[in-house]
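Descriptive analysis of the structure
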Amino acid sequence: MNRTVLAIGIVIALALVVVLYFGLGKDPQHIDSPLVGRPAPDFALKAVGSDETIDLAQYRGKPVVLNFWATWCRPCWDEHPTLTATAQSAGNQVQFLGVVFQDDESKIVDFLRQRGWAYPTLVDEKGKTAIAYGVGGVPETFFLNKNGTIVAKFEGPMTPDIIEENLAKAMR
Amino acid sequence: MSIHRDPSPRRSGEKVAEGRIRGRADRRDINRKSTMSRTAIVLMSILLALVALAAIAQQDVQGVKVPDAEQFVGKPRGTPLTGDELTRHTQELAATLRCPVCQGLAIADSPSEMATNMKGQVRELLSRGFSDKQIYKYFEHSYGQFVLLSPKFQGVNTLVWVLPVLALAIGVIIVFSKIRSLEKAPAASPVSDGLSNPSPGQAGKPDEEGQAGKPAPHEEEDPYLARVRELVKGDK
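Below is a short write-up of the structure. For clarity, every value in this text was computed on a predicted model and none was experimentally measured. (Residues numbered from 1 in each chain as written. Chains lettered and ligands numbered in written order. Predicted model: local features only at pLDDT ≥ 70, side-chain atom pairs only at ≥ 80, totals over all residues. Heavy atoms only, no water.)

**A look at the overall build of chain A**
Counting its secondary structure elements, chain A contains 5 helices and 7 strands. Starting at the N terminus and ending at the C terminus, chain A contains elements arranged as α-β-β-β-α-β-α-β-α-β-β-α. When each of the 172 residues of chain A is scored for burial, the buried share is 46%. Pairs at least 24 residues apart make up 71% of the contacts formed inside chain A by residues separated by at least 6 positions. Of the roughly 8,700 Å² of accessible surface on chain A, 56% is carried by carbon and sulfur atoms. (Helix = DSSP H or I, 4+ residues; strand = E, 2+ residues; numbered from the N terminus. Buried < 20%, exposed > 50% of the residue type's maximum accessible area, 1.4 Å probe, protein only. Contact = heavy atoms within 4.5 Å. Areas by Shrake-Rupley, 256 points an atom, 1.4 Å probe, with all protein chains shown as cover.)

**Some points on the interface of chain B and chain A**
Every contact between the two is made by 31 residues of chain B and, on the other side, 32 residues of chain A. Both faces considered, chain B and chain A share a buried interface measuring about 2,500 Å² in area, 59% of it formed by carbon and sulfur atoms. Counting every contact that joins chain B to chain A gives 1 salt bridge. Residues B:E124 and A:K128 are paired through a salt bridge, measuring 2.5 Å at the closest nitrogen-oxygen approach. Where the side of chain B that touches chain A is concerned, the elements lending two or more residues are α3 (70-73), α5 (113-127), α6 (132-143) and α7 (157-188) of chain B. Residue composition of the side of chain B that touches chain A, by class: 15 nonpolar, 11 polar and 5 charged. (Buried area = accessible area lost by both parts, 1.4 Å probe. Salt bridge = Lys/Arg side-chain N within 4 Å of Asp/Glu carboxyl O. Nonpolar A, V, L, I, M, F, W, Y, C, P; charged D, E, K, R; others polar.)

**Brief notes about the packing of aromatic side chains**
Under the defined criterion, the tally for this structure stands at 10 aromatic pairs over all chains. Every member of this aromatic cluster is reached through a ring pair, and the members are A:F43, A:F68, A:Y133 and A:F142. Sitting over the ring of B:F146, B:R98 keeps its end group 4.8 Å from the ring centre. (Phe/Tyr/Trp six-rings, centres within 6.5 Å; stacked < 30°, edge-to-face > 60°. Lys NZ or Arg CZ within 6 Å of the ring centre and 35° of its normal.)

**Some details on the pairing of strand β3 (residues 64-69) of chain A**
Residue and element names in this part refer to chain A. Most of β3 is tucked away, with 6 of its 6 residues classed as buried. Side chains of β3 alternate between two faces, with V64, L66 and F68 and V65, N67 and W69 buried alike. Here β3 runs beside strand β6 (residues 140-144); their pairing, made up of 5 bridges, is antiparallel. Across the sheet, residue V64 finds its bridge partner in β6, namely L144. (Pairing = 2+ DSSP bridges.)

**Some details on the sheet that holds strand β7 (residues 150-155) of chain A**
Strand pairing in a sheet is mediated by backbone hydrogen bonds. Such pairs are either parallel or antiparallel. Residue and element names in this part refer to chain A. Taken together, the 5 strands give an open sheet; going across it, the order is β5-β4-β3-β6-β7, and neighbouring strands pair in mixed fashion. Sheet topology places β5 (121-122) and β7 at the edges, where each strand pairs with a single neighbour. Bridge analysis of β3 against strand β4 (residues 95-100) gives 6 bridges, and the strand direction is parallel. Counted as the bridge partner of V65 is F96 from β4. Its contacts with the sheet put helix α3 (residues 105-115) on β3, β4 and β5, and the angle it makes with β3 is roughly 120°. (Axes fitted to C-alpha atoms, helices over the stretch in contact; angles between N-to-C directions.)

**Observations regarding the nonpolar core**
Ranked by internal contacts, the top residues of the largest apolar core, which has 63 residues, are A:F68, A:Y133, B:Y138 and B:F139. When residues in this core are grouped by element, the largest group, 6 residues, is from α5(B). Apart from residues lying up to four places away in sequence, A:F68 is in contact with A:V99, A:T129, A:A130, A:Y133, A:V135, A:V138, A:P139, A:E140 and A:F142. Ranked by size, the runner-up nonpolar core spans 14 residues in total, among them A:L83, A:Y119, A:F143 and A:I163. (Core = buried A, V, L, I, M, F, W, Y, C linked by side-chain atoms within 4.5 Å.)

**Focus: the state of the cysteines**
For the structure on display, the rule yields 2 disulfides over all chains. At a sulfur-sulfur separation of 2.1 Å, the disulfide partner of A:C73 is A:C76. Across the disulfide from A:C73 to A:C76, rotation about the S-S bond amounts to roughly 90°, and the bridge is consequently right-handed. On the basis of relative accessibility, which here comes to 2%, the residue A:C76 falls in the buried class. Shown here is the disulfide that connects B:C99 with B:C102, its sulfur atoms set 2.2 Å apart. Around the S-S axis, the bridge from B:C99 to B:C102 shows a dihedral of about 55° and counts as right-handed. (Disulfide = S-S within 2.5 Å.)

**Quick notes on the side chain of A:T86**
All names here are of chain A. One can find T86 in helix α2 (residues 74-90). Residue T86 is classed as buried on the basis of its relative accessible area of 18%. Other than its neighbours up to four places away in sequence, T86 contacts F96 and I163.

**Details of the pairing of β4(A)**
Residues and elements named next belong to chain A. With 6 of 6 residues buried, β4 is to be regarded as a mostly interior element. A two-sided burial pattern is seen for β4, the buried positions comprising Q95, L97 and V99 on one face and F96, G98 and V100 on the other. With α2 bridging β3 and the parallel β4, this β-α-β connection has right-handed handedness. Inspection of the sheet shows β4 paired to β5 by 2 bridges, in the parallel sense. Looking at β5, one finds that G98 is bridged to T121. Traced from β4 through α3 to β5, the parallel crossover comes out right-handed. (Right-handed = clockwise from strand over helix to strand, strands pointing away.)

**Regarding the packing of helix α4 (residues 83-94) of chain B against α5(B)**
All names here are of chain B. It is the contact of α4 with α5, at a shortest axis distance of 9 Å, that shows an interaxial angle of 130°. As the angle between them shows, α4 and α5 are arranged oblique. Crossing hand, α4 versus α5: right-handed. Contacts from L86, T87, H89, T90, Q91, L93 and A94 of α4 reach α5 at K119, V122, R123, L126 and S127. (Parallel < 35°, antiparallel > 145°, perpendicular 65-115°, else oblique. Left-handed = near helix turned anticlockwise from the far one by under 90°.)

**Quick word on a nonpolar patch on the surface**
Residues and elements named next belong to chain B. Residues F153, V156, L159, V160, W161, V162, L163, L166 and I170 make up a contiguous nonpolar surface patch of roughly 860 Å² in combined accessible area. Mapped onto the secondary structure, F153 falls in the loop between α6 and α7. For F153, a relative accessible area of 59% gives the class exposed. (Patch = residues over 30% accessible without salt bridge, like charges linked within 9 Å, V, L, I, M, F, W, Y side chains within 5 Å.)

See below:
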């Protein structure tokens with residue numbers, strides 16, 4: 001009996017260790033996006049600093065980099081030069097789009113005027129677009145292929161390597 | 001004298017005015033009803049115009065189109081809720097959905113803007129007639145099962161439901177087994193061996209297998225136990 005109890009105890013303890021090992025090593029804010037491999041939710045949003053409305057569907061036929069960000073998010077400041085430089089070098093091959101996450105349009109305009117404005121940034125009223133994309137924080141970036149399917153999602157600031165790696169998936 | 005009858009259908013107010021006026025009171029009543037129906041028509045028209053304007057303002061004039069739940073879960077399959085019921089049910093559903101920017105909080109309990117927006121969307125979907133199942137499906141479509149505070153009974157999640165019950169069952173089995181073994185223990189314990197009747201020659205001597213048959217030294221010295229042994233042995 002004592003051996004049986006000991007064996008059961010060991011099994012339970014090992015199971016707990018495994019669960020804790022994987023559980024504690026994981027970012028609690030990380031969400032595996034179920035949208036990867038699915039069509040990107042359609043939207044048409046007003047561009048910051050103009051009355052123009054940008055429809056996601058108008059970019060079918062080329063990869064899209066969709067970046068959710070805000071001026072109150074420090075990592076978004078860090079990734080901005082990388083995104084701007086890559087967007088400028090990619091030209092018409094890839095469409096970059098920014099979506100404002102819980103921020104004021106005036107602050108976004110000021111930020112972009114000061115730090116570079118290479119592609120459209122869109123206003124997301126009441127965060128409905130962010131919710132549809134399953135955004136749980138910023139920065140978050142989605143990579144869409146030319147058919148409008150989400151091929152990758154990245155949480156955190158973009159680096160040239162990360163952009164290159166994920167754009168390669170979107171270009172396939 | 002011929003009576004000309006207009007074959008065209010009349011409005012109910014005219015019909016009443018022609019055929020059913022019997023006195024001043026009736027006339028006042030008809031006038032009141034007529035005024036009320038006109039007011040109702042005007043109010044309805046204003047309401048419809050406002051609804052149309054709101055829809056146009058949201059969708060067409062600016063051209064803004066946010067992702068809509070209908071795109072993912074189909075047409076609403078429930079009953080549109082209003083008033084207190086809408087507020088109550090919004091709160092109920094919001095208490096079961098996890099706030100993605102918080103640490104394990106429901107959107108009902110979080111003051112974050114994200115949670116407020118999500119709660120607002122739950123309310124909007126309920127008011128449009130989306131069922132609970134459709135609303136859960138919509139949020140799951142974006143966030144996966146992470147967004148559900150109660151995991152579904154499927155796949156690996158089954159373990160979350162089954163393991164505690166299994167652990168409880170194993171615990172109960174262990175406890176009962178232990179109790180049973182303790183109940184049996186006195187018959188096999190050295191004390192009961194000591195109470196059995198050792199032969200005069202055997203008592204106090206090591207048997208062939210060693211010390212098993214020998215009563216413990218403290219039992220030999222205990223007069224109370226010796227008396228009990230005598231009683232058991234001789235029934236004196």
